[in-house]
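Each chain is listed here by its residues.
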Amino acid sequence: MQYVSTRGKAPALSFDDVLLTGLARDGGLYLPESWPQFSEDDIRDMRGLSYADMAVRVMYPFVEGSIPKDDFNELVQDAYKEFGHPSVAPLKQLDADQWVMELFHGPTLAFKDYALQLLGRLFDYVLKKRGEKVTIVGATSGDTGSAAIEACRDRECIDIFIMHPKGRVSDVQRRQMTTIMSENVHNIAVEGTFDDCQDAVKAMFNDMDFRDKLNLSAVNSINWARIMAQVAYYFWAAVQVGAPDRKTRFAVPTGNFGNVFAGYCAQQMGLPIDGFIIGSNRNDILTRYFNTGVMKMETVEPSLSPSMDIQISSNFERLLAQHYAGDGAALDQALTDFRNNGEVDFGKDRWQAMCKDFTAQCLDDEETKKAISDFYHQTGELLDPHSVIGCAVARDGEKTDAVTVALATAHPAKFPAAVKEASGVHPDLPERLSDLFDRDERFDVLENDLDGIKAYIEETLA
Ligand SMILES: *Cc1c(COP(=O)(O)O)cnc(C)c1O
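The rules behind these values
- Residues numbered from 1 in each chain as written.
- Predicted model: local features only at pLDDT ≥ 70, side-chain atom pairs only at ≥ 80, totals over all residues.
- Heavy atoms only, no water.
- Core = buried A, V, L, I, M, F, W, Y, C linked by side-chain atoms within 4.5 Å.
- Buried < 20%, exposed > 50% of the residue type's maximum accessible area, 1.4 Å probe, protein only.
- Helix = DSSP H or I, 4+ residues; strand = E, 2+ residues; numbered from the N terminus.
- Phe/Tyr/Trp six-rings, centres within 6.5 Å; stacked < 30°, edge-to-face > 60°.
- Axes fitted to C-alpha atoms, helices over the stretch in contact; angles between N-to-C directions.
- Left-handed = near helix turned anticlockwise from the far one by under 90°.
- Contact = heavy atoms within 4.5 Å.
- UniProt positions renumbered as here; feature names shortened; annotations may be inferred.
- Near = heavy atom within 4 Å.
- Polar contact = N/O pair within 3.5 Å; in protein donor to acceptor, adjacent residues only side chain to side chain.
- Areas by Shrake-Rupley, 256 points an atom, 1.4 Å probe, with all protein chains shown as cover.
- Nonpolar A, V, L, I, M, F, W, Y, C, P; charged D, E, K, R; others polar.
- Pairing = 2+ DSSP bridges.
- Salt bridge = Lys/Arg side-chain N within 4 Å of Asp/Glu carboxyl O.
- Parallel < 35°, antiparallel > 145°, perpendicular 65-115°, else oblique.

Enquirer: I keep staring at the nonpolar core and nothing clicks. Help me out?
Expert: It is characteristic of soluble globular proteins that their nonpolar side chains tend to be buried jointly. Counting residues in each nonpolar core, the largest one holds 115 residues, and the members touching the most others are Trp224, Phe235 and Phe316. If you tally residues by element for this core, the top one is helix 10 (residues 224-240), at 14 residues. Counting residues in hydrophobic clusters, the runner-up holds 20 residues, among them Phe104, Ala371, Ala408 and Ala422.

Structure representation (structure tokens):
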């Protein structure tokens, strides 16, 4: 499989180059040049497979030509073997035609593990074959950092540095990062905000000497391999609830649009999906776009679901690329206008076409808390403030013939304060993490000073 940039100017790349490159050189994002196709019989044939076996079938066409099938199979089996539930991604019934898929049984209890556990192994595999090493640097406001650290720990060809704003992530989130004692994991608590950490990462990537010397790389959600790994659980869920003989609709709590875009990929690959309902918090740029046809930036406001506190959904570019049908120059212009003016209209025809597949709804913090309480008291399912937004928009969406599956993206114990306040119940950490607060922590505190941070990274590597 070859990959092409959404902006149309960067060279086409193979899977392993796309994996290591992340962002295309023309500023675009990579997409496969065509969608692998699965027939109704292919999908029927997936019934009864384990999660990992189904994931191999769904993903292999994307890596074919770069990784032999046996090797790929081993990497996938290994990625999911230690998840905390035998089904990996269990589905639970909330109502006659409504289900929730729990995507929080990975090592850090958020759905990001489903992609990052595989990504870390793919990086190591490809780097080893090439005889290369990389230094991954990232900034986190919570979930991404721990999932990336868990994915990269003890991998021979990777060193990982994660910066978090000192004192501004929750205790659970910090400890999930700082209690990992692996030699190749380096936690930095920066005396500053998340934006300061993010700016430091950007500045390091823009310093070409530093970037080349350390072979810097990133595992953020614009990496195609993360989307690819997420496509698997859409097939998984749909097959469990009756695909290909019954249609499935998905409800997805959305921030960067990566998770829900993976569902769109599954639909392009032949999975019978009857549309997507996007859920947002008060940072509702996507909801406003689908409801009005105009995309307008506003300032980011903190909410109970911090992983969705986003104004620019970077992966939305991949959906737009489908609707610009290969006209990368026009897409580039529209997105440049958006950055400059804070507002853009992608055209009525495109908007209407996108509205055939996507509807959207937002919940503010009060509605989020009420929904946590309602679902808990009516169904017994204790949901975190992100997951509940997906379940609520699934419940409130227009009824169709399809079964609706909402994606639960984090374990309630990651957000104990909000869950306790809303439901009256304190969510316990799963047993394998129950000693999290007894473990030793290791991290270094650094001033918010770019040169100091760079020097620290270079010294640590030496
Ligand atoms: C990252 C995250 C999201 C948002 O996912 P996107 O792929 O950015 O849309 C939602 N919920 C949780 C818990 C997350 O960690």
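Enquirer: Please explain the packing of aromatic side chains as it appears in this structure.
Expert: One pass over the full model with this rule turns up 27 aromatic pairs. Measuring from ring centre to ring centre gives 6.3 Å for Tyr51 and Tyr114, while their planes differ by 75 degrees; the resulting arrangement is edge-to-face. Taken together, the residues Tyr51 in helix 3 (residues 51-63) and Tyr114 in helix 5 (residues 112-130) connect sequence positions 63 residues apart. Where Phe161 meets Tyr456, the ring centres are 6.5 Å apart and the plane angle is 85 degrees; that geometry is what we call edge-to-face. Here Phe161 is found in strand 7 (residues 158-165), whereas its partner Tyr456 is found in helix 19 (residues 450-461), with 295 residues between them in sequence.

Enquirer: Any chance you could explain the packing of helix 10 against helix 11 (residues 258-268) here in plain terms?
Expert: The angle between the axes and the distance between the axes are what describe a pair of packed helices. Interaxial distance between helix 10 and helix 11 falls to 8 Å at its minimum, and their mutual angle equals 65 degrees. Judged by the sense of rotation from one axis to the other, the crossing of helix 10 with helix 11 is right-handed. Facing helix 10, whose interface residues are Trp224, Ile227, Gln230, Val231, Tyr233, Tyr234 and Phe235, helix 11 presents Gly258, Asn259, Val260, Phe261, Ala262, Gly263, Cys265 and Ala266.

Enquirer: I'm lost on the UniProt feature "modified residue: N6-(pyridoxal phosphate)lysine" (unreviewed entry) in the protein chain in this one. Help?
Expert: Here the UniProt-annotated "modified residue: N6-(pyridoxal phosphate)lysine" (unreviewed entry) positions come out as Lys112. Relative to the assigned elements, Lys112 resides in helix 5. Take Lys112: its relative accessible area is 13%, and that puts it in the buried class. The residues contacting Lys112, other than those within four sequence positions of it, are Thr144, Ala147, Arg226 and Ser307.

Enquirer: I'm lost on the site of the ligand in this one. Help?
Expert: Surrounding the ligand, one finds 15 residues, the nearest of these being Lys112, Gly255, Asn256, Asn259 and Thr409. Measuring from an oxygen atom of the ligand, one finds a backbone N or O atom of Asn256 at 2.7 Å. Contacts to the ligand include Asn259, whose backbone N or O atom sits 2.9 Å from an oxygen atom. For the ligand, whose unbound accessible area comes to 390 Å², protein coverage reaches 96%. In the shell around the ligand, the residues fall into 5 nonpolar, 8 polar and 2 charged.

Enquirer: Explain the pairing of strand 5 (residues 98-102) to me, please; I cannot follow it from the model alone.
Expert: As a general feature of sheets, a regular strand has side chains that alternate between the two faces. Most of strand 5 sits inside the fold, with 4 of its 5 residues counted as buried. The pairing of strand 4 (residues 91-95) with strand 5 spans 4 bridges and is classified as antiparallel. Looking at strand 5, one finds that Leu91 is bridged to Met101. What sits between strand 4 and strand 5 in their antiparallel hairpin is a turn of 2 residues. Looking at chain direction, strand 5 and strand 15 (residues 403-408) are connected through 5 bridges and run parallel. Bridged to Glu102 within strand 15 is Ala408.

Enquirer: Please clarify how the sheet that holds strand 2 (residues 13-14) should be interpreted in this entry.
Expert: Across a sheet, strands are paired by hydrogen bonds formed along the backbone, either parallel or antiparallel in direction. Read across the open sheet, the 3 strands follow the order 2-1-3; overall the sheet is antiparallel. The outermost strands of the open sheet, each flanked by one partner alone, are strand 2 and strand 3 (30-32).

Enquirer: Please clarify how the pattern of salt bridges should be interpreted in this entry.
Expert: It is possible for side chains of opposite charge to pair when their charged atoms get near one another. Here the structure, examined in full by the defined rule, presents 30 salt bridges. Here Glu317 ties to Arg7 by a salt bridge, and the two come within 2.7 Å at their closest N and O atoms. With Glu317 in helix 13 (residues 316-323) and Arg7 in the loop between strand 1 (2-5) and strand 2, this residue pair connects regions lying 310 residues apart in the sequence. This pair shows no difference in class: Glu317 is buried, exactly as Arg7 is. A cluster of three or more residues bridged by salt bridges with shared partners is formed by Glu40, Asp41, Arg44, Arg47 and Asp245.

Enquirer: Which parts of the structure should I look at to understand the packing of helix 8 (residues 194-206) against helix 19?
Expert: For the pair helix 8 and helix 19, the least separation of the axes is 10 Å and the interaxial angle reads 65 degrees. Overall, the two elements helix 8 and helix 19 adopt an arrangement that is roughly perpendicular. The way helix 8 lies across helix 19 gives a crossing that is right-handed. Contact residues: helix 8 offers Ala200, Ala203 and Met204, while helix 19 offers Leu450, Ile453, Lys454 and Ile457.

Enquirer: Help me understand the environment of Ser307 in this model?
Expert: Looking at the secondary structure, you find Ser307 in the loop between strand 12 (295-296) and helix 13. In this structure Ser307 comes out as partly exposed when scored by relative accessible area, which is 25%. For the pair Ser307 and Thr409, spaced 102 residues apart in sequence, the C-alpha separation works out to 10.0 Å.

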